There are 2 protein chains.
Amino acid sequence: MKKVAKKKAEPDSSTEDKIKEAARRVFIKKGYSATRTRDIAEEAGINLALLNYYFRSKEKLFDLIMFEKVQKLFGVLGKVANNPDTSLTEKIESIASLYVDLLLVNPDLPIFVLSELRARPEHFEKLVQKTNILKNSVLLAQLQEKRPDVNPLQFIPTILGIAVFPFIMRPILQPSVGMSDKQFTTMMVERKTLVPIWIKAILKAK
Amino acid sequence: MKKVAKKKAEPDSSTEDKIKEAARRVFIKKGYSATRTRDIAEEAGINLALLNYYFRSKEKLFDLIMFEKVQKLFGVLGKVANNPDTSLTEKIESIASLYVDLLLVNPDLPIFVLSELRARPEHFEKLVQKTNILKNSVLLAQLQEKRPDVNPLQFIPTILGIAVFPFIMRPILQPSVGMSDKQFTTMMVERKTLVPIWIKAILKAK
DNA sequence: GTCTATAAGGGGATAGAC
DNA sequence: GTCTATCCCCTTATAGAC
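Residues numbered from 1 in each chain as written. Chains lettered and ligands numbered in written order. Predicted model: local features only at pLDDT ≥ 70, side-chain atom pairs only at ≥ 80, totals over all residues. Heavy atoms only, no water.

Draft legend 1. Representation of helix 5 (residues 88-105) of chain A within the structure. Residue and element names in this part refer to chain A. The end-to-end C-alpha separation of helix 5 is 26 Å, in line with the 26 Å expected for 18 residues at 1.5 Å each. Listed as buried for helix 5 are L88, K91, I92, I95, A96, Y99, V100, L102 and L103. Buried residues of helix 5, viewed axially, fall in a sector of 165 degrees; they line one side. Buried residues in helix 5 make contact with helix 4 (58-81), helix 6 (109-119), helix 8 (138-146), helix 9 (152-168) and helix 11 (181-204). (Helix = DSSP H or I, 4+ residues; strand = E, 2+ residues; numbered from the N terminus. Expected span 1.5 Å × (residues − 1). Buried < 20%, exposed > 50% of the residue type's maximum accessible area, 1.4 Å probe, protein only. Arc of directions from axis to C-beta. Contact = heavy atoms within 4.5 Å.)

Draft legend 2. Layout of the side chain of E116 of chain A. Here E116 of chain A lies in helix 6. Look past the residues within four positions of E116 of chain A in its chain and what remains in contact with it is G31, Y32, F62, M66 and F124 of chain A.

Draft legend 3. Region of the structure containing the interface of chain A and chain B. Counting residues at the interface gives 50 residues for chain A and 50 residues for chain B. Counting every contact that joins chain A to chain B gives two salt bridges. When the shortest N-O distance is used, the salt bridge between D108 of chain A and R118 of chain B registers 2.7 Å. Counting across the interface, chain A meets chain B through 10 residue pairs in polar contact (both at pLDDT 80 or more). (Salt bridge = Lys/Arg side-chain N within 4 Å of Asp/Glu carboxyl O. Polar contact = N/O pair within 3.5 Å; in protein donor to acceptor, adjacent residues only side chain to side chain.)

Draft legend 4. Summary view of the environment of E116 of chain A. By relative accessible area, which is 7% here, E116 of chain A ends up buried. Along the primary structure E116 of chain A and S33 of chain A are separated by 83 residues, whereas in three dimensions their C-alpha atoms are 9.3 Å apart.

Draft legend 5. The arrangement of the relation of the copies chain A and chain B in detail. For the pair chain A and chain B, the relating rotation is 180 degrees, the translation along its axis is 0.0 Å, and the fit reaches an RMSD of 0.0 Å. Here the symmetry operator amounts to a two-fold rotation axis. Most of the interface of chain A is mirrored in chain B: 100% of its interface residues are interface residues there too. (Least-squares fit on C-alpha atoms with pLDDT ≥ 70 in both.)

Draft legend 6. Here's a closer look at the protein's contact with DNA strand D. Taken together, 16 residues form the shell around DNA strand D, and within it N47 and Y54 of chain A together with R36, T37 and R38 of chain B come nearest. Near-protein atoms of DNA strand D (within 4 Å) split between backbone and bases, with sugar and phosphate holding 60%. Between DNA strand D and T35 of chain B there is a distance of 3.3 Å, counted from a phosphate oxygen to a backbone nitrogen or oxygen. Contact distances for DNA strand D include 2.6 Å between a phosphate oxygen and a side-chain N or O atom of R36 of chain B. Put simply, the parts of the chain that give the surface near DNA strand D at least two residues each are helix 3 (48-55) of chain A together with helix 2 (37-44) and helix 3 (48-55) of chain B. When residues in the surface near DNA strand D are grouped by element, the largest group, four residues, is from helix 3 of chain A. By residue class, the composition of the surface near DNA strand D is six nonpolar, six polar and four charged. (Near = heavy atom within 4 Å. Nonpolar A, V, L, I, M, F, W, Y, C, P; charged D, E, K, R; others polar.)

Draft legend 7. Just the pattern of salt bridges, in detail. Counted by the stated rule, this structure contains 25 salt bridges over all chains. Between K200 of chain B and E93 of chain B there is a salt bridge; the shortest N-O distance is 3.0 Å. In this pair, K200 of chain B is assigned in helix 11 (residues 181-204) and E93 of chain B in helix 5 (residues 88-105), connecting sequence segments 107 residues apart. Among the residues examined, K200 of chain B registers a relative accessible area of 29% and is labelled partly exposed. Through salt bridges with shared partners, a single network forms among E21, R25 and E43 of chain A.

Draft legend 8. Quick look at the confidence of the model for chain A. Residues with a pLDDT of 70 or more make up 94% of chain A, whose mean pLDDT is 92. Low pLDDT, under 50, characterises residues 1-10 of chain A; the stretch is placed with three contacts to residues that sit more than four places away or in other chains. (pLDDT = per-residue confidence, 0-100.)

Draft legend 9. Fine view of the protein's contact with DNA strand C. Around DNA strand C sit 16 residues, and of these R36, T37 and K58 of chain A together with N47 and Y54 of chain B come closest. Backbone polar atom of T35 of chain A to a phosphate oxygen of DNA strand C: 3.4 Å apart, as the coordinates give it. The dominant element in the surface near DNA strand C, judged by the number of residues it contributes, is helix 3 of chain B, at four residues. A class-by-class count of the residues in the surface near DNA strand C yields six nonpolar, six polar and four charged.

Take a look at the structure:
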């Protein structure tokens with residue numbers, strides 16, 4: 001049985017992993033500035049000093065998590081948008097379905113990434129440029145071909161917004177109409193069929 | 001000539017107003033936790049002690065700003081959604097146009113409000129409940145009537161997302177396709193005509 | 001009302017024992 | 001590798017002079 005590259009694969013995870021997982025939870029919940037390293041240590045069930053032993057600093061640990069999360073959030077889009085073997089319709093269906101699935105498991109992902117990006121854009125310059133997924137993408141070309149009369153960039157936030165925005169406005173939507181977590185989830189699952197229908201309608205609309 | 005309740009109305013604003021305006025800028029840019037009262041004082045061109053003299057504490061000042069911003073962001077929706085004298089189509093056109101206009105002037109408003117709401121939801125419980133604009137709104141009833149086969153709540157984040165989401169993903173969109181501020185603005189102005197067309201298409205789509 | 005100086009405490013990071 | 005104790009800077013808030 002082949003061993004993976006990771007140092008450990010025990011049932012109870014290593015200290016390093018415990019800290020990382022705690023950091024994921026706390027950073028995502030509170031953002032960089034509101035998070036105290038002490039919160040992470042407590043959440044991980046370890047001592048504060050160990051955090052610095054393994055990760056040197058709060059910022060280094062954050063960068064690690066953030067990099068992961070950016071990849072998670074934009075990886076989906078990147079892979080789909082640059083696949084030359086799928087039609088526009090197929091791409092849209094993939095994006096809708098994959099994002100709803102992703103966000104049902106990681107509901108705070110978009111608001112976390114986008115608000116940290118907003119608060120300290122200079123900190124992420126390299127990271128954002130590397131996320132150069134859209135420019136020259138197959139998706140943009142296909143949109144251009146389908147609707148030469150509309151700037152294809154108009155469609156990007158539209159498509160993503162329809163899929164992602166419910167999760168972003170969840171903290172205001174849910175309490176303001178008295179919706180349970182379960183109801184929200186049900187609604188989002190139902191949404192997976194609605195989104196592609198809507199987007200196709202948008203692409204035809206004049 | 002009647003004097004208003006406010007203490008001052010001079011051309012150069014009062015110290016209190018200078019602090020408030022500085023606070024708006026800094027809080028919106030960096031969020032509550034990353035903001036230092038020193039930043040606000042410096043931005044306002046006054047001494048740190050004056051901030052506490054006028055507003056008692058950082059948190060009290062923040063609450064003031066936040067309350068304003070929540071009203072700004074949801075006031076639009078509230079007024080439109082509960083107007084019994086306009087058709088569904090008119091409502092949608094209003095929302096699209098008003099939100100794009102609002103966000104062109106206040107681009108960071110949604111990400112600010114939504115990320116602070118996310119980071120400290122318990123802090124805003126009352127504020128959110130008070131924002132009970134949607135439940136039992138005319139807008140929801142009209143959506144229900146138009147499309148009895150779809151949960152009307154599905155349409156809310158869709159409509160708002162199409163109008164608002166471009167501003168939320170702006171920090172990633174703009175650098176990733178190399179778009180200038182001017183180009184972004186142009187695109188958003190152009191968008192004011194697209195959004196109602198798209199939403200009408202969505203409402204018909206099966 | 002506005003300033004300087006400072007108190008009081010929080011939070012990131014490390015020294016050093018085990 | 002993991003802990004306790006501690007350093008030290010930064011930040012909020014206030015005291016008190018003007």
